[in-house]
Structures are given as C-alpha cells and as structure tokens.
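Take a look at the letters that make up each chain.
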Amino acid sequence: MYLEEQVALVTGSGRGIGRAIALALAEQGANVVVNDVVEESAEEVAARIEEMGVAAMSVVADITSEDAVKAMVAAIMDRFGRIDILVNNAGITQDNLLMRMSEEQWDTVLAVNLKGAFLCTKAVARPMVKARHGRIINIASVVGLTGNVGQANYSSSKGGLIALTKSTAQELGSRRITCNAVAPGFIETEMTARLSNEARQRMLERIPLGRPGQPEDVARAVVFLAGPAAAYITGQVLAVDGGMVM
Ligand code: NAI
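All figures in this text were calculated on a predicted structure; none of them were measured in a lab.

Participant: So what exactly am I meant to see when it comes to the overall build of the protein here?
Facilitator: Secondary structure summary: the protein contains 9 helices and 7 strands in total. Its C-alpha atoms put the protein at 50 × 35 × 35 Å along the principal axes. A burial count over the protein gives 52% of its 246 residues as buried. Here the analysis covers contacts within the protein between residues at least 6 apart in sequence; of these, 72% occur between residues at least 24 apart. Here the protein displays about 11,800 Å² of accessible surface, and carbon together with sulfur accounts for 51% of that area.

Shown next, in the form of structure tokens:
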C-alpha cells in the first residue's frame, strides 16, 4: 500500500471506469471521494470503499457547474484538510455525424468532458500548490489522438483534455504537481454496452491484444500515475488500449 493517508477525488466514479479507479486507489490505502450526479451509485461505491478500511465520502455534484465544484472541494478540505489526487474521469458521449450534430450535442459533451475537467483542476490547484504536492490524472481517450467518425464533439473534448493535461503539467510542475492523461481504447462499461454487435466486432479487429479492456486495466494505470513510481512523469499520455493506437 503506497497511498496511505492520501486523499483522492475521482469524478464520475459511481460506475464504470471511475468506480474501478476509486476502488483501486482505496486498495492502495487512499481515502477516496466518490463524485457523481447519480446519488445511489456514488453512495454504493463509497460504502464499498469504507468496507476496505479507509475513509470514503460521496459527493453529488455536476462538474459542469463551477459553484458545485467549488462547494465539493470546500467540503473535501473541511473533512480531510487535504487533496492529493484528482482523477478527471466523468465523461459522456452524444454521438452523431458532424452534419447532423446539434449545437446542444456539441456543447453538452464539451461541458462535461473538457470544461468539467478544467473546473475541477482549477479548484484543487490551490490546496495542491500550498502542499507542494499533487497528482492530476485525466481520463482522455484514444479518439482524442485519432478522431472518430460520429464523435466530432467527443473526440474534440478528449483532444482538448490532452492539451489541458500538457498546459497543467507546464504550469504546475514547479510546485511538484504532475498531470498526465490516460487514453483508454475500447473498455467494457455501460457506456460501450450501447454499441451494436457489428461496431463491437469492428473495434475488436483493430486491437492487437484481441480483447476489449476492462475498467480494472485502466484503473491500474491510474494507480501507477498516482503513486511514487511515477514521480518524474508529467505531461504524458498513456494509452491503455490493447495496442489499438500506436
Ligand atoms: P460511464 O458512462 O459508465 O460512467 C460515467 C460516469 O460519469 C457515470 O456514473 C455518470 O453518472 C458520471 N457523470 C456524467 N456526467 C457527470 C457530471 N456532469 N458530473 C459528475 N459525474 C458525471 O462511462 P465509462 O465508460 O466508465 O467512462 C469513464 C471515462 O472514461 C469517460 O471520461 C469516458 O469518456 C472515458 N473513456 C471510456 C472508454 C470506454 O471504452 N468505456 C474509452 C475511452 C475513454
């Protein structure tokens, strides 16, 4: 266990990849703040974490609202007095071909995936700068590197998140805060369960390791980046995709 005493905030961790990340950080001894917009799932994950013998706190907050994000970080500081790790994981898709994509579909996806990450990063930056320590890990996507048909909004948000990762790494590096991105490929979660069998098959054909990833595959990379072994790594994008993009 190498994250004992530390406090981690994982956005959108009521289910899927975020949930796996929250549990994996707790396994390393971190106290974990489970954020989501769905109260029951956040509470379920927080209860699981408490059973592991560390502290957990569930916070229902929409990360697209600056007021909600500020209130969440204030509540974390009140309860724990520190925040060591931020994982910007909350993300949504609203796929459509470019010519059919509405302004609302564009704005909604960018608001959660990119603005939400910016607001959370900004809110934790002050306590991290004061502490001269911090790890920020952004869950991007391989489509942020390659683009994707039907995902102009989503791939742009993830490409933007990668650029945000690098800007944050440059601005906060002198305060011993690292910022890295993890770019998952095709991971089996409720988000991808909506894909047709045909789309799923096409994805699998592009994966050299020949299988979809599991949320735990992503969580292990995040735990590495949050831990002491990654102290000298910043501004990087680590693909966790079975070799899909290289
Ligand atoms: P998911 O849809 O299973 O879980 C996302 C969670 O975020 C949900 O619990 C949802 O309630 C929460 N959320 C949504 N909007 C929110 C908001 N405004 N504020 C707070 N929480 C909010 O998704 P999944 O698959 O676990 O994805 C997690 C992250 O990984 C996302 O950023 C996604 O883009 C990324 N990703 C997923 C891949 C996959 O194959 N599943 C591939 C590449 C990236």
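Participant: Just checking my understanding: could you explain the pairing of strand 1 (residues 7-10) for this structure?
Facilitator: Each regular strand shows side chains that alternate between the opposite faces of the sheet. Of the two faces of strand 1, both are covered, the one formed by Val7 and Leu9 as well as the one formed by Ala8 and Val10. Across 4 bridges, strand 1 lies against strand 2 (residues 31-36) in parallel orientation. In the sheet register, Val10 faces strand 2, and the bridge partner there is Val34. Regarding topology, helix 1 (residues 16-27) serves as the crossover connection from strand 1 to the parallel strand 2, and that connection is right-handed. Pairing analysis gives 3 bridges linking strand 1 to strand 4 (residues 85-88), with the strands arranged parallel.

Participant: So what exactly am I meant to see when it comes to the pairing of strand 2 here?
Facilitator: Of all 6 residues in strand 2, 6 are buried, a share of seventy percent or more. Taking every second residue as pointing to the same face, both faces of strand 2 are buried, with Asn31, Val33 and Asn35 on one and Val32, Val34 and Asp36 on the other. Bridging between strand 2 and strand 3 (residues 56-60) involves 5 bridges; their strand directions are parallel. By the bridge assignment, Asp36 is partnered in strand 3 with Val60. Traced from strand 2 through helix 2 (residues 39-51) to strand 3, the parallel crossover comes out right-handed.

Participant: Hey, could you run me through the packing of helix 4 (residues 103-131) against helix 6 (residues 152-172) in this one?
Facilitator: Packed helices, taken two at a time, are described by the angle their axes make and the gap between the axes. At a minimum axis separation of 8 Å, helix 4 and helix 6 run at an interaxial angle of 15°. The pairing of helix 4 with helix 6 is recorded here as roughly parallel in orientation. When the axes of helix 4 and helix 6 are compared, the crossing they make is right-handed. Taken together, the residues of helix 6 that come into contact with helix 4 (itself represented by Gln105, Trp106, Val109, Leu110, Asn113, Leu114, Ala117, Phe118, Thr121, Ala125 and Val129) are Ala152, Asn153, Tyr154, Ser156, Ser157, Lys158, Gly160, Leu161, Leu164, Thr168 and Leu172. Of the residues contributing to the contact of helix 4 with helix 6, the split by class is 13 nonpolar, 8 polar and 1 charged.

Rules behind the numbers
- Residues numbered from 1 in each chain as written.
- Predicted model: local features only at pLDDT ≥ 70, side-chain atom pairs only at ≥ 80, totals over all residues.
- Heavy atoms only, no water.
- Helix = DSSP H or I, 4+ residues; strand = E, 2+ residues; numbered from the N terminus.
- Buried < 20%, exposed > 50% of the residue type's maximum accessible area, 1.4 Å probe, protein only.
- Contact = heavy atoms within 4.5 Å.
- Areas by Shrake-Rupley, 256 points an atom, 1.4 Å probe, with all protein chains shown as cover.
- Pairing = 2+ DSSP bridges.
- Right-handed = clockwise from strand over helix to strand, strands pointing away.
- Axes fitted to C-alpha atoms, helices over the stretch in contact; angles between N-to-C directions.
- Parallel < 35°, antiparallel > 145°, perpendicular 65-115°, else oblique.
- Left-handed = near helix turned anticlockwise from the far one by under 90°.
- Nonpolar A, V, L, I, M, F, W, Y, C, P; charged D, E, K, R; others polar.

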